[in-house]
Amino acid sequence: MGADNTVLVIGATGNVGPLVVRQLIDEGVTTRALLLADDPKAGRLPDEGFEVFHGDLADPDSLLPALDGVESVLLMWPFFTLNVDTAPAVLERIARQARRVVFVSSIGVHIGYEHTDNNCHAYLEELIEKTGLEWTFLQTTGFAANARLSYAQQMKATGIVRSPYGAAARSSIHEGDVAAVAVRALRSSELAGRRLVITGPEVLTQIEQVKIIGEIIGTEPTWQDVPAEAALKAMVSAGWPPAYASGALEYFEMLTKEPELITTTVQDVLGRPPRTFREWAVEFADDFR
Ligand SMILES: NC(=O)c1ccc[n+]([C@@H]2O[C@H](COP(=O)([O-])OP(=O)(O)OC[C@H]3O[C@@H](n4cnc5c(N)ncnc54)[C@H](OP(=O)(O)O)[C@@H]3O)[C@@H](O)[C@H]2O)c1
């Protein structure tokens, strides 16, 4: 069992991981980042101040050196590219070494809306609960960073965003706020046993999000709704697992009728409100120009 509060960050090159690594370093925590060998996205991480370990969630034993002597682990599961077959063995390896795991889960578990073929986050939560580890689940809404994936290329190329369900009303979260809550949960037992439903401070339709980005970069983008069937085809050919894509589209359709939840979790945990979508868009405006 780790004694010096060493934290291992799995998913260190994703949207949340690099921000967790940065904050842990700033707070003086001994930090390890797990990278797939020769990870091309390692440039997202700071230049120094942490240890690099290589490992692959598909090969549970490859995590052992990184886990040796850690106290806490930030875990996420790359559901898009890796099935959950190795998840039990990964958790067994984590439980052998660590005291605590913080899992980046989804609001889908909270509202019971994970597609039945796609209940991966719920499955991981169940596995984690059985390990005997202290756990915290971060059940988050969609990251504001999804806007970059969904809109940036089209805004730059044509100024027309073609996407499904423009009227879907989302409480997107700044991924830095997810990271800040994660760091709190990683550093002590204060948030152990909590399912934290993490949302942004406001609900905006996707059309409103695009309009805000346009205001910031000085353009007037237009939105064209793509029918769900065409969107599904495009998502699957872009690499989405089919069940995941159809589940996401069903969820978006639901959000055209019933806006996404807003919670006070970020305020309660961090003592400050979550950042708005506009704040996120100002920070990353250059990605849309
Ligand atoms: N995005 C959202 O809106 C959203 C909403 C709710 C919940 N979530 C959850 O949040 C999690 C984290 O999101 P994110 O956006 O930070 O993730 P992400 O950008 O998709 O990054 C996934 C991370 O996992 C790493 N990875 C991929 N395959 C791996 C493997 N076999 N072994 C070890 N590491 C591997 C990736 O490394 P590479 O960089 O090398 O690929 C990357 O660092 C997601 O997995 C999802 O479950 C996301």
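Everything that follows concerns the structure shown earlier in this document.
Residues numbered from 1 in each chain as written. Predicted model: local features only at pLDDT ≥ 70, side-chain atom pairs only at ≥ 80, totals over all residues. Heavy atoms only, no water.

## Re the overall build of the chain
Next up, step 1: Assigned secondary structure in the chain consists of twelve helices and eleven strands.
Next up, step 2: Here the chain has a C-alpha radius of gyration of 19 Å; the compact-globule value for 289 residues is 19 Å, and the two agree.
Next up, step 3: Overall, the C-alpha framework of the chain stretches about 55 × 40 × 40 Å when taken along its three principal axes.
Next up, step 4: Expressed as a percentage of the 289 residues in the chain, the buried residues total 51%.
Next up, step 5: For the chain, the exposed surface amounts to about 13200 Å²; the carbon and sulfur share of it is 51%.
Next up, step 6: Side-chain charges in the chain split into 24 positive and 39 negative, and the spacing between the mean points of these groups amounts to 2 Å. (Helix = DSSP H or I, 4+ residues; strand = E, 2+ residues; numbered from the N terminus. Rg over C-alpha atoms; globule rule 2.2 N^0.38 Å. Buried < 20%, exposed > 50% of the residue type's maximum accessible area, 1.4 Å probe, protein only. Areas by Shrake-Rupley, 256 points an atom, 1.4 Å probe, with all protein chains shown as cover. Lys, Arg positive; Asp, Glu negative; His and termini not counted. Charge placed at Lys NZ, Arg CZ, Asp CG, Glu CD.)

## Remarks on the side chain of Ser72
Next up, step 1: The residue Ser72 is located in strand β4 (residues 72-75) in this model.
Next up, step 2: Under the relative-accessibility criterion, Ser72 is labelled buried at 1%.

## Remarks on unusual backbone geometry
Next up, step 1: Unusually for a residue other than glycine, Tyr165 sits at a positive phi of about 55 degrees.
Next up, step 2: Checked against the element boundaries, Tyr165 lands in the loop between β7 (160-163) and β8 (169-170).
Next up, step 3: For Tyr165, a relative accessible area of 18% translates into the label buried.

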